[in-house]
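Single-letter residue listing:
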Amino acid sequence: MKTAAIIVAAGRGQRAGSNTPKQVRLLGGRPVFEWSLRAFQAHIDIDQCVLVVPRGKHADYRDLIEDNVTVVEGGDTRSESVRAGLRACEIEENGIVLIHDAARPGLRAETISALIEAMATADAAAPALPVADALKRKSGTALSTIDRSELFRVQTPQAFRLKAIKEALGHDQDLVDDLAAIEAADGHVTLIPGDEALAKITYPEDHSRLEKLLMPTAPAPRFGSGYDVHALEPGDGVTLCGIKIPHTHSLVGHSDADVAWHALTDAILGAAALGDIGDHFPPSDPQWKGAPSDLFLKHAVEISRRAGWALTSCDLTLICEAPKIKPHREAMRARTADVTGLSIDAISVKATTTEGLGFTGRKEGIAAQASAVLAPVTLQD
Ligand code: CTP
Ligand code: MG
């Protein structure tokens, strides 16, 4: 293997000030670190990807990403985290390593290619942007102008030979970036054109600014549909949308047989493309016997949100001759609002008969049909 990419994601993101560390906040529906990880994984010249994660978080990240990514724990400083990443590199000593901040999601394939190309003749390479604004130095009340023609804003990824950067970073100091280590050794550094999209998320306002830059149009909402049937047997009532409705019969099922919420759970999972209710709550598992269906519904809403999709509305149709749904409709909507977090006006509950035809017409069972609309979660803490 010749070329490796290291993404350092072990920082605490203190200046960004959100509860969730900035590198795992969702941006356009995916964690920030995943943006550059995908760019490296998709690039034909990258043989190994190393992700450096906060101490104690190895298992959390491991669950989120593919097996072919090397995951290691970082240290207290950025340089320590880089050193941990370098130790995990399995490329040849003379191979190229690209070291990148997870907090810079806007990495394009062109930048990776240009860096690798520059390494044909350089000891190190990095993307850099000219300084557009006038620069002033203030000492006391006096201002002086600084010549900006020789000044650059340097970004990551920064490219090195593995052996050279290991040696240069071998000491215990914490450097502002990895290039500083090569500069100190008088190495030949090539600057390639930087990219405004490669800006780093540092302060609270940076996340939404980058999101707008990288996702000029939000992804379209997603639609899902669900369908479920439960049989009726003699009993004292049925549970629909969490409301117990007195009846001469009850619904048969391994849980509370709430056919309406089962269909809705499937519609939500369907919109987020997260499988179906049977995948998450297998009927074969005794722990779900008699379980209240609000558990299933809540879980579907939560895992969809974690995947970047928020439930925005739903529409349910109950198909049965009896019991009459209308008298219970408002209670069913209100209870569904409680569990999903939607407002009542975004929840529709309807009912129809099948004119005496089929299994619903013969009152052998109740069927339910649901649809759900999920919108991308844009800002999330
Ligand atoms: N980083 C790291 N290990 C550290 C410190 C930083 O891997 N001990 C990573 C961050 O996760 C980030 C990159 O280095 O992707 C750039 O650092 P910075 O922007 O300073 O991020 P944080 O240190 O997380 O933020 P802050 O300094 O505001 O706490
Ligand atoms: Mg920092």
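Chemist: How do you make sense of the state of the cysteines when you look at a structure like this?
Modeler: Linking two cysteines covalently through their sulfur atoms gives a disulfide. The final tally for this structure, using the stated rule, is 0 disulfides. Summary of cysteine pairing: Cys-89 is not part of a disulfide, and the nearest cysteine sulfur, belonging to Cys-49, is at 10 Å. Among the residues examined, Cys-89 registers a relative accessible area of 10% and is labelled buried. No disulfide involves Cys-241; its nearest neighbouring cysteine sulfur is the one of Cys-314, lying 8.2 Å away. For Cys-241, a relative accessible area of 0% corresponds to the buried category.

Chemist: Explain the sheet that holds strand E16 (residues 249-251) to me, please; I cannot follow it from the model alone.
Modeler: Backbone-to-backbone hydrogen bonds pair the strands of a sheet. The strands run either parallel or antiparallel. The sheet built from 5 strands is open, its strands ordered E16-E13-E19-E17-E18 with mixed pairing. Every interior strand has two partners, whereas the edge strands, E16 and strand E18 (347-352), have only one. In this sheet, adjacent strand axes meet at a mean angle of 25 degrees when their direction is disregarded. Looking at chain direction, strand E13 (residues 222-234) and strand E19 (residues 365-376) are connected through 10 bridges and run antiparallel. Across the sheet, the residue bridging to Ser-225 is Ser-371, located in E19.

Chemist: I'm lost on the nonpolar core in this one. Help?
Modeler: A general feature of soluble globular proteins is that nonpolar side chains tend to end up buried together. Formed by 41 residues in total, the largest nonpolar core has its most connected members in Leu-240, Ile-268, Leu-318 and Met-332. For this core, the leading source of residues is helix H8 (residues 259-271), giving 9 residues. Beyond its immediate stretch of four places on either side in the chain, Ile-268 contacts Leu-297, Ala-300, Val-301, Ser-304, Leu-311, Ala-372 and Leu-374. Listed in part, the 28 residues of the second largest apolar core include Val-69, Ile-96, Leu-98 and Ile-112.

Chemist: Where do I start with the packing of aromatic side chains in this structure?
Modeler: Think of a pair of aromatic rings as described by two things: how far the centres are apart, and how the planes are tilted against each other in angle. Within the structure shown, the criterion is met by 2 aromatic pairs. Measuring from centroid to centroid gives 5.3 Å for Phe-33 and Tyr-61, while their planes differ by 50 degrees, and the two rings are tilted. Pair noted here: Phe-33 is in helix H1 (residues 32-42) and Tyr-61 is in helix H2 (residues 58-64), with a separation of 28 residues, a long-range link. Both residues of the pair, Phe-33 and Tyr-61, belong to the buried class. Measuring from centroid to centroid gives 4.3 Å for Phe-281 and Phe-296, while their planes differ by 40 degrees, and the two rings are tilted. Here Phe-281 is found in the loop between helix H9 (277-280) and helix H10 (294-306), whereas its partner Phe-296 is found in helix H10, with 15 residues between them in sequence. Judged by its relative accessible area of 6%, Phe-281 is buried. The class of Phe-296 is buried, set by a relative accessible area of 1%.

Chemist: Honestly, the pairing of strand E8 (residues 135-139) in this entry has me stumped. Any pointers?
Modeler: The side chains of a regular strand alternate, first on one face of the sheet and then on the other. Across 5 bridges, the pairing between E8 and strand E9 (residues 142-146) is antiparallel. Across the sheet, residue Arg-137 finds its bridge partner in E9, namely Ser-144. Hairpin connection, E8 to E9: the antiparallel pair is bridged by 2 residues, and Gly-140 has positive phi, about 65 degrees.

Chemist: Explain the pairing of strand E15 (residues 243-246) here, please?
Modeler: A one-sided burial pattern is seen for E15, the buried positions being Ile-243 and Ile-245 and the unburied ones Lys-244 and Pro-246. Two strands pair when backbone bridges link them, and strand E14 (residues 237-240) and E15 are joined in this way by 4 bridges, in the antiparallel orientation. Counted as the bridge partner of Thr-239 is Lys-244 from E15. Where E14 hands over to E15, the hairpin turn is made up of 2 residues, of which Cys-241 adopts a positive phi near 50 degrees.

Chemist: Mind showing me how you'd approach the site of ligand 1 here?
Modeler: As a structural note, the neighbourhood of ligand 1 is formed by 18 residues, with Gly-13, Gln-14, Arg-15, Ser-81 and Lys-200 the closest of them. A distance of 3.1 Å separates an oxygen atom of ligand 1 from a polar backbone atom of Arg-12. Notes on ligand 1: free accessible area 560 Å², of which the protein chains cover 88%. For the shell around ligand 1, the class distribution of residues is 5 nonpolar, 6 polar and 7 charged.

Chemist: Where do I start with the packing of H8 against H10 in this structure?
Modeler: The geometry of a pair of packed helices is captured by two quantities: the angle between their axes and the separation between those axes. At a closest axis distance of 9 Å, the pairing of H8 and H10 adopts a crossing angle of 10 degrees. Comparing their axes, H10 and H8 come out roughly parallel. Contacts from Trp-261, His-262, Leu-264, Thr-265, Ile-268 and Leu-269 in H8 reach Asp-294, Phe-296, Leu-297, Ala-300, Val-301, Ile-303 and Ser-304 in H10. In terms of residue class, the contact of H8 with H10 is built from 9 nonpolar, 3 polar and 1 charged.

Chemist: For this particular structure, what's the right way to read the domain arrangement of the protein chain?
Modeler: When the parts come together, some accessible area is lost, and that loss is often what is quoted as the size of the interface. When its domains are assigned, the protein chain resolves into domain 1 (3-135 + 145-214) and domain 2 (222-376). In this structure, domain 1 and domain 2 have C-alpha centres spaced 46 Å apart.

Chemist: What's the story with H10 in this structure? I'm lost.
Modeler: Because each turn of an α-helix spans 3.6 residues, side chains separated by three or four positions end up pointing in the same direction. End to end, H10 covers 18 Å across 13 residues, agreeing with the expected 18 Å (1.5 Å per residue, within 8%). Residues of H10 that are buried: Asp-294, Phe-296, Leu-297, Ala-300, Val-301, Ile-303 and Ser-304. Taken together, the buried residues of H10 touch H8, H9, strand E17 (309-319), helix H11 (329-340) and E19. Looking at the residues trailing H10, positive phi occurs at Gly-308, about 100 degrees.

So, how was this worked out
Residues numbered from 1 in each chain as written. Chains lettered and ligands numbered in written order. Predicted model: local features only at pLDDT ≥ 70, side-chain atom pairs only at ≥ 80, totals over all residues. Heavy atoms only, no water. Disulfide = S-S within 2.5 Å. Buried < 20%, exposed > 50% of the residue type's maximum accessible area, 1.4 Å probe, protein only. Pairing = 2+ DSSP bridges. Helix = DSSP H or I, 4+ residues; strand = E, 2+ residues; numbered from the N terminus. Axes fitted to C-alpha atoms, helices over the stretch in contact; angles between N-to-C directions. Core = buried A, V, L, I, M, F, W, Y, C linked by side-chain atoms within 4.5 Å. Contact = heavy atoms within 4.5 Å. Phe/Tyr/Trp six-rings, centres within 6.5 Å; stacked < 30°, edge-to-face > 60°. Near = heavy atom within 4 Å. Polar contact = N/O pair within 3.5 Å; in protein donor to acceptor, adjacent residues only side chain to side chain. Areas by Shrake-Rupley, 256 points an atom, 1.4 Å probe, with all protein chains shown as cover. Nonpolar A, V, L, I, M, F, W, Y, C, P; charged D, E, K, R; others polar. Parallel < 35°, antiparallel > 145°, perpendicular 65-115°, else oblique. Domains from an automatic or database assignment. Expected span 1.5 Å × (residues − 1).

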